[in-house]
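Descriptive analysis of the structure
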Amino acid sequence: MLRIDCPFCGLRDETEFTYGGDASRTRPPLDETRAEVWNDYVYQRPNPKGLHSEYWFHQHGCRSWLKITRDMVSHEITAVAYAKDTGE
Amino acid sequence: MSTDRQKLRIGGGLVDRGKPVTFRFDGRVLKGFAGDTLASALLANGRHLVGRSFKYHRPRGIFAAGVEEPNALVELGAEDRLTPNVQATAQELYEGLQAKSQNRWPSLRFDLMAVNNLFSRFLTAGFYYKTFMWPAGAWEFYEKFIRRAAGMGKGTHLPDPDTYEHVHDHADIAVVGSGPAGLSAALTAAEAGKDVLLIEQDFELGGTLLYEAGEIAGQANADWRRQTIARINGEPKIRVLTRTTAFGYYENNILGCVERVQDHVLTPDPHVPRQRLRHVRAEKVILATGAFERPFVFGNNDLPGILLSSAAEAYVNRYAVLPGEKMVLYTNQESGYRVAASLLERGIRLAAIIDARSPVPTRHHHFAREAGIPLYPAHEVAEAKGGLHLKGLVIRKIGDGLEPRDIRLDCDTLIQSAGWAPVLHLQSQRGIKPVYHAALDSYLPGKCADGQHACAGAAAGYPTSEDAAVHGHKVARYLIGAAKTAPRLYAPKDAPPPSPAPVPLTRAKCFVDLQHDVTRSDIEQGVREGFRSPEHIKRYTTQGMAADQGKTGNINTLKILSQVQDKEQSGVGTTTFRPPYTPLTIGAVAGRSIAGELRPTRLSPFHDCHVRAGAEFITAGDWLRPWYYPGPGEDVTAAYIREAGEVRSGVGMVDVSTLGKIDIQGPDAAEFLNRVYVNGWKTLPVGKARYGLMLRDDGMVMDDGTTWRLGEHHYFMTTTTTGAGAVMRHLEYLLQIDWPELKVHLTSVSDEWGGVAIAGPRSRAVLGSSFPGVDVSTEAIPHMGVLEFDHEGLPVRICRLSFSGELAFEVYTRAGFAGNLWDLLTEGGKPHDLRLYGSEALGALRIEKGHVAGPELDGRTTADDLGLGGMQSTKKAYVGSVLKNREGLIRNDRRQLAGLKPVEGDTPLKAGMLLFEGDGITPKGHGIGHVTSVTYSPELKRHIALALLAEGRERVGTLIRAVDNGGATVIDVKVCSPHFIDPEGERLHA
Ligand SMILES: [Zn+2]
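Residues numbered from 1 in each chain as written. Chains lettered and ligands numbered in written order. Predicted model: local features only at pLDDT ≥ 70, side-chain atom pairs only at ≥ 80, totals over all residues. Heavy atoms only, no water.

Remarks on the overall build of chain B
The helix and strand inventory of chain B stands at 21 helices and 50 strands. Residue pairs in contact within chain B that sit at least 24 positions apart in sequence constitute 66% of those at least 6 positions apart. When the accessible surface of chain B is summed, it comes to about 41200 Å², and 53% of that surface belongs to carbon and sulfur atoms. Where the 113 positive side-chain charges of chain B centre and where its 114 negative ones centre are 5 Å apart. (Helix = DSSP H or I, 4+ residues; strand = E, 2+ residues; numbered from the N terminus. Contact = heavy atoms within 4.5 Å. Areas by Shrake-Rupley, 256 points an atom, 1.4 Å probe, with all protein chains shown as cover. Lys, Arg positive; Asp, Glu negative; His and termini not counted. Charge placed at Lys NZ, Arg CZ, Asp CG, Glu CD.)

What follows is the structure, given as structure tokens:
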């Protein structure tokens, strides 16, 4: 079981969080109308054997969306930050 | 108490002769002592035969003295405390214990199913696949016969009377196993100031020290054990858990452990759980899990009376039981002679030693000569002879080029030692592969790259207790940071290459996996049929797939694979161990999360009001909701039909507090809503509400509900009951990750507000009487109008909206005031005969009106499928607006919301029924749609249903069929509009 060091709440158990998927993707602009672009955004995912950037929602905590770097092999978490701060 | 019945009990040992124990096996009353296992007590009474084998129903006896036991599985307890497949060798004896042999009929000594043994050529490798998997569907037919003939013990169908709990433990160092390595590692870490958790599956600490002859630091093993345990008990930094098995090892150094708190008592204390599942989180983990002894593979090697030599030593030295009168040792290595010497010290002289090596070291010749034991060097056991018990052996000289000559040896017990296998299950669970070491002919731990754990002692290959104790100490120093480099695994200097495992020529069965009845020839056949990898052989032959996970069989299988494929053993590969290391009860896994406590139960703030009103409740997701309010003699059907009728003809009140509620504030709130809903929100004025539909990014409908504009920058959103959590998460995702530029804040207020809907032609009158002085006229509160006011200190929010199709209002207040609002409305409703209705009537009303809910919003429907396509704005972009137009989502033949009426109006339909064309052809396949929601319509006085039906709108007026029970039930139905009543919506404006 993972433990995630929420920047707001501190070190908490995985059971408080909900997984939110790949964090390397960027939502297309609202006025984007090409279906292929949306298709890539919604369905195409990397599956690295190694570091993976992903979102987790602190559902039973501060309700922050967090951006986490996790090793897909060892499950080691090497970085946690507010998703907000990392967006451009 | 006399021990006269325990005819094979000898002196010494660790059993407590002051505490005699009476127990039953297959109905026979027997005696043992505290400190016995069920197996040792059975052996003391001369009972070897304890079960029949899985496939061939061959007689089986006690083979080991611990958790590696493949044979001695029993049904323990009775009635609601019956546990099947309990290992007699690991079950502590207790007063009143009842056990039964399993897998035999009608009796253990005379088993009719043993006829399987005669037909065994049909039961070879892959027989499940070859025989029963064809033709398709045959397995369903054969399975129940096979399960009866080939199987394990039977469980109980009675509810479990015991309780279980989960606890969380934390430690700097968790040590698994309390043999010489575990004990010294625990002490070393604790003396360095670390918090240590010492986990032992046995009821006594000590592991091999409990029976093995040897010395540590000049002290006899037994003395060293006693002294070390005394030091551990005096060490406050060490917490000891006995009767606790570390069954799983997971990432982040979490050990799953089960503590058998009360499996050694007849009547558990009801205030204490039977078992505890312990989630142990440790900084570092030391796996001092020991090693299993390996058996030889020869003919009839499954006969009762054949056991591991380490088990024999344990029975003699720990349990003071003689496994047999005339014992022969079969070995190919050092430790066999250590056991022979240990037994001799107890006055037990082996009848013979058979050594498969050539040459046998001189010191062993000396030992045998001095002990007066005949030694057969370079000999193999070809096969064992006997019926229900071992009577003798056929042995042969190995490979001297001459025609092999059979030698008969009479004996009643064979103890065997073909080498050792470090217990690497836990490490293997972490995905670390064991590594074959040819010099040891054994698999040793793989490398732990992250320094989070290490294997110590026999688990790292060390053969003697002294080596293990020293290694445990070093491993502890390394893991606490006192030593820089990881201690080495065992690597003997100038050891002779191990002799190849004998492959005797015999027509008798040579078992590799005793629990699953897999033989050497099954493995060979698997290879002949093209299976190469151990993972494939395992699945094809089922070797290693029984409850014991092949603890005594896996290495022999790999050996056979290497021999048959003529491959280096290091290149054969291995299989993967998975949790649990030993079987686990479902009760321990469930813990307290059973029945009503499986999930939290959420109560509406009006709950007490419903109880007072005599409601019957129903579980809906986490919620307990009023289902109906029975009148005298009414069941649910009578009640909901009455309640729904009362709403349509008068006025009713229903609790809607379970809806999700989100408070939305900020200058960009309107823009935000405009992006998440399919319809437009920019023009909604303050004081009005609007029905909204949201899609997922993939274009499917996610949720629906109304959102009320309370102020310039203030909205109140309602969601479906089940969608509340996901919608909140979705909206936060959009705001925090995708659109951080929007100035909007969300707050979940589902639990802060309680609400009811007042529905029916007289609903306005009820509000008027309840809130005198508040203008509730059509002008003041038009359709979808919102009123917010304070009534004598009671905060009230009202919106005129309808789920039932009748004139209706939703009335909310702060949850803490729910009781006051309820009283106010029931009082104000009295002159207007306000009735209560529950979720069943609510459902009937919404189905009559054709409103979609959970069964229709199943994540596979588009807005157009639901007849809501017209809501979707074409003037703006919103979540899902592009992908909703994908080719597959705009096809004409998609399943669309439709109404159904059975041709016979009194025939009820069932949700989930499949729909087929009305063409009379036998229904086959998945049909053209399915029934989603059903009810009896009090208004139409007939059964009706909503459905998702291919081209449903086109089919209105046609006849189709609803099918259930795989075609056994066929009902003719007519397709109609889903809006069964008042399609023009005139009642809303009454
Ligand atoms: Zn948090």
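Details of the packing of aromatic side chains
All names here are of chain B. The tally for this structure, following the rule as stated, stands at 23 aromatic pairs over all chains. Between Arg 675 and the ring centre of Trp 739, over which it is positioned, the NZ or CZ distance is 4.9 Å. One Lys or Arg, Arg 690, reaches over the ring of Trp 681 and ends 6.0 Å from the middle of that ring. (Phe/Tyr/Trp six-rings, centres within 6.5 Å; stacked < 30°, edge-to-face > 60°. Lys NZ or Arg CZ within 6 Å of the ring centre and 35° of its normal.)

Side note on the pattern of salt bridges
Residues and elements named next belong to chain B. Within this structure, the stated rule accounts for 62 salt bridges over all chains. Residues Arg 274 and Asp 263 are paired through a salt bridge, measuring 2.7 Å at the closest nitrogen-oxygen approach. One end of the pair, Arg 274, is in the loop between strand 14 (254-260) and strand 15 (275-287); the other, Asp 263, is in the loop between strand 14 and strand 15, with 11 residues separating them in the sequence. The pair Arg 274 / Asp 263 is uniform in exposure class, with both members buried. The partner of Glu 671 in a salt bridge is Arg 675, and the shortest N-O contact between them spans 2.7 Å. Taken together, the residues Glu 671 and Arg 675, both in helix 17 (residues 669-676) and four residues apart, mark about one turn of the helix. Accessibility expressed as a relative area gives 12% for Arg 675, which makes it buried. Shared partners join several salt bridges into a network, and the residues in it are Glu 165, Asp 169, Arg 239, Glu 259, Arg 276, Arg 278 and Arg 592. (Salt bridge = Lys/Arg side-chain N within 4 Å of Asp/Glu carboxyl O. Buried < 20%, exposed > 50% of the residue type's maximum accessible area, 1.4 Å probe, protein only.)

A few points about helix 4 (residues 180-191) of chain B
All names here are of chain B. Across its 12 residues, helix 4 extends 17 Å between first and last C-alpha, which sits within 8% of the 16 Å expected from 1.5 Å per residue. Taking burial as the measure, the 12 residues of helix 4 include 11 buried ones, the bulk of the element. Those residues of helix 4 that fall on the buried side of the exposure criterion are Pro 180, Ala 181, Gly 182, Leu 183, Ser 184, Ala 185, Ala 186, Leu 187, Thr 188, Ala 189 and Ala 190. Directly beyond the C-terminal end of helix 4, a positive phi value near 95 degrees is found at Gly 193. (Expected span 1.5 Å × (residues − 1).)

Remarks on helix 13 (residues 554-564) of chain B
Since one α-helical turn is 3.6 residues long, residues separated by three or four positions face the same way. Residues and elements named next belong to chain B. Burial analysis of helix 13 places nine of its 11 residues in the buried class, the great majority of the element. Against the buried residues of helix 13 lie strand 25 (420-422), strand 26 (435-437), strand 27 (442-444), strand 29 (511-513), helix 11 (520-528) and helix 12 (534-541). Looking one or two residues beyond helix 13, the residue adopting positive phi is Asp 566, at roughly 50 degrees.

Topic: the interface of chain A and chain B
Contacts between chain A and chain B engage 28 residues on the former and 27 residues on the latter. Together, the buried faces of chain A and chain B total about 2500 Å²; carbon and sulfur atoms form 56% of this surface. Here chain A is connected to chain B by four salt bridges. At the junction of chain A with chain B, the criterion picks out 12 residue pairs in polar contact (both at pLDDT 80 or more). Put simply, the parts of the chain that give the side of chain A that touches chain B at least two residues each are strand 3 (18-22), helix 1 (35-43), strand 4 (51-57) and helix 2 (83-86) of chain A. Residues that form the side of chain A that touches chain B fall into these classes: 12 nonpolar, eight polar and eight charged. (Buried area = accessible area lost by both parts, 1.4 Å probe. Polar contact = N/O pair within 3.5 Å; in protein donor to acceptor, adjacent residues only side chain to side chain. Nonpolar A, V, L, I, M, F, W, Y, C, P; charged D, E, K, R; others polar.)

With respect to the sheet that holds strand 33 (residues 623-628) of chain B
Residues and elements named next belong to chain B. Reading across from one edge, 31-33-32 is the order of the three strands in this open sheet, with mixed pairing throughout. Two strands close off the open sheet at either side, each with one partner strand: strand 31 (602-603) and strand 32 (616-620). For strand 32 and strand 33, the ladder comprises five bridges, and the chain directions are antiparallel. The residue bridging Phe 617 from the neighbouring strand is Pro 626, located in strand 33. (Pairing = 2+ DSSP bridges.)

Structural notes on the coordination of the zinc ion
Residue and element names in this part refer to chain A. Note on the zinc ion: its protein donors are Cys 6 (SG), Cys 9 (SG), His 58 (ND1) and Cys 62 (SG). The metal-donor distances range over 2.0 to 2.4 Å. Viewed at the metal, the four donor atoms of the zinc ion are separated by angles of 103 to 120 degrees, and the geometry they form is tetrahedral. For Cys 9, a relative accessible area of 23% corresponds to the partly exposed category. (Donors = N, O, S within 2.8 Å, 3.2 Å for Na, K, Ca; no water. Tetrahedral: all angles 85-135°; square planar, octahedral: opposite > 155°, others 65-115°.)

Quick look at the sheet that holds strand 35 (residues 660-665) of chain B
Residue and element names in this part refer to chain B. Taken together, the five strands give an open sheet; going across it, the order is 36-37-38-35-39, and neighbouring strands pair in antiparallel fashion. The open sheet has two edge strands with one neighbour each: strand 36 (689-695) and strand 39 (745-748). Between one strand axis and the next, the sheet turns through 25 degrees on average, direction left out of account. The strands that helix 17 touches are strand 35, strand 36, strand 37 (701-711), strand 38 (714-719) and strand 39; relative to strand 38, the one it contacts most, it runs at about 25 degrees. (Axes fitted to C-alpha atoms, helices over the stretch in contact; angles between N-to-C directions.)

What to know about the environment of Pro 782 of chain B
All names here are of chain B. One can find Pro 782 in the loop between helix 19 (763-770) and strand 41 (786-791). Sequence spacing of Pro 782 and Ala 495 is 287 residues, and the spatial spacing of their C-alpha atoms is 96 Å. Setting aside anything within four residues of it in sequence, one finds Pro 782 in contact with Lys 688 and Arg 800.

Here's the deal with the side chain of Gln 543 of chain B
Residues and elements named next belong to chain B. Positionally, Gln 543 belongs in the loop between helix 12 and helix 13. On the accessibility criterion, Gln 543 (4% relative accessible area) is buried. Only 3.3 Å separates the side chain of Gln 543 from the side chain of Thr 557, close enough to count as a polar contact. Ignoring any residue separated from it by four or fewer positions in sequence, one finds Gln 543 in contact with Val 512, Asp 513, Val 518, Ile 523, Lys 538, Gly 550, Gly 553, Asn 554 and Thr 557.

Focus on the packing of helix 16 (residues 636-649) of chain B against helix 21 (residues 839-849) of chain B
All names here are of chain B. Their axes nearest at 8 Å, the elements helix 16 and helix 21 cross at an angle of 55 degrees. Comparing the axis directions of helix 16 and helix 21 gives the class oblique. Note on packing geometry: the crossing formed by helix 16 with helix 21 is right-handed. Here Val 636, Tyr 640, Glu 643, Ala 644, Val 647 and Arg 648 of helix 16 come into contact with helix 21, specifically with Glu 840, Ala 841, Ala 844, Leu 845 and Glu 848. Looking at the contact of helix 16 with helix 21 residue by residue, the class counts come to seven nonpolar, no polar and four charged. (Parallel < 35°, antiparallel > 145°, perpendicular 65-115°, else oblique. Left-handed = near helix turned anticlockwise from the far one by under 90°.)

Observations concerning the packing of helix 4 of chain B against helix 5 (residues 221-233) of chain B
All names here are of chain B. Look at helix 4 against helix 5: their axes get within 10 Å of each other, and the N-to-C directions meet at 30 degrees. Here helix 5 runs roughly parallel to helix 4, going by the angle between their axes. Pair helix 4 / helix 5 crosses with left-handed handedness. Contact residues: helix 4 offers Pro 180, Leu 183, Ser 184, Leu 187 and Glu 191, while helix 5 offers Trp 224, Thr 228, Ile 229, Arg 231 and Ile 232.

What about the confidence of the model for chain A?
With 95% of its residues at a pLDDT of 70 or more, chain A has an overall mean of 92. Looking at the elements of chain A, mean pLDDT is at its lowest for helix 2 of chain A, recorded as 72, and at its highest for strand 4 of chain A, recorded as 97. (pLDDT = per-residue confidence, 0-100.)

Quick look at the environment of Val 931 of chain B
When you line up the elements, Val 931 of chain B lands in strand 47 (residues 929-937). Apart from residues lying up to four places away in sequence, Val 931 of chain B is in contact with Leu 900, Lys 910, Ala 911, Gly 912, Met 913, Leu 915, Ala 945, Leu 946 and Ala 947 of chain B.

As for the state of the cysteines
All names here are of chain B. Applying the stated criterion across every chain, the model contains zero disulfides over all chains. With no disulfide partner, Cys 411 has as its closest neighbouring cysteine sulfur the one in Cys 510, 17 Å distant. By relative accessible area, which is 5% here, Cys 411 ends up buried. (Disulfide = S-S within 2.5 Å.)

Structural notes on empty space enclosed by the protein
Residues and elements named next belong to chain B. Enumeration over the complete set of coordinates arrives at 10 cavities of 30 Å³ or more. Along the wall of the largest cavity there are 16 residues; nearest its centre are Pro 422, Tyr 443, Asn 554, Ile 555 and Phe 577. The element contributing the most residues to the lining of the largest cavity is helix 13, with three residues. Residue composition of the lining of the largest cavity, grouped by class: 10 nonpolar, five polar and one charged. (1 Å grid on protein atoms, 1.4 Å probe; cavity = no way out; pocket = protein on both sides within 12 Å on 5 of 7 lines; lining within 4 Å. Points joined across faces, edges and corners; volume = space filled by probe spheres on them.)

Digging into unusual backbone geometry
Residues and elements named next belong to chain B. Omega for the peptide link from Ser 358 to Pro 359 comes to 0 degrees, which places this bond in the cis form. Note that the residue after Pro 579, namely Pro 580, is joined by a cis bond; omega there is 0 degrees. Following the sequence through the fold, Pro 580 ends up in the loop between helix 13 and helix 14 (586-590). Notably, Asp 833 is not glycine yet its phi reads approximately 55 degrees, a positive angle.

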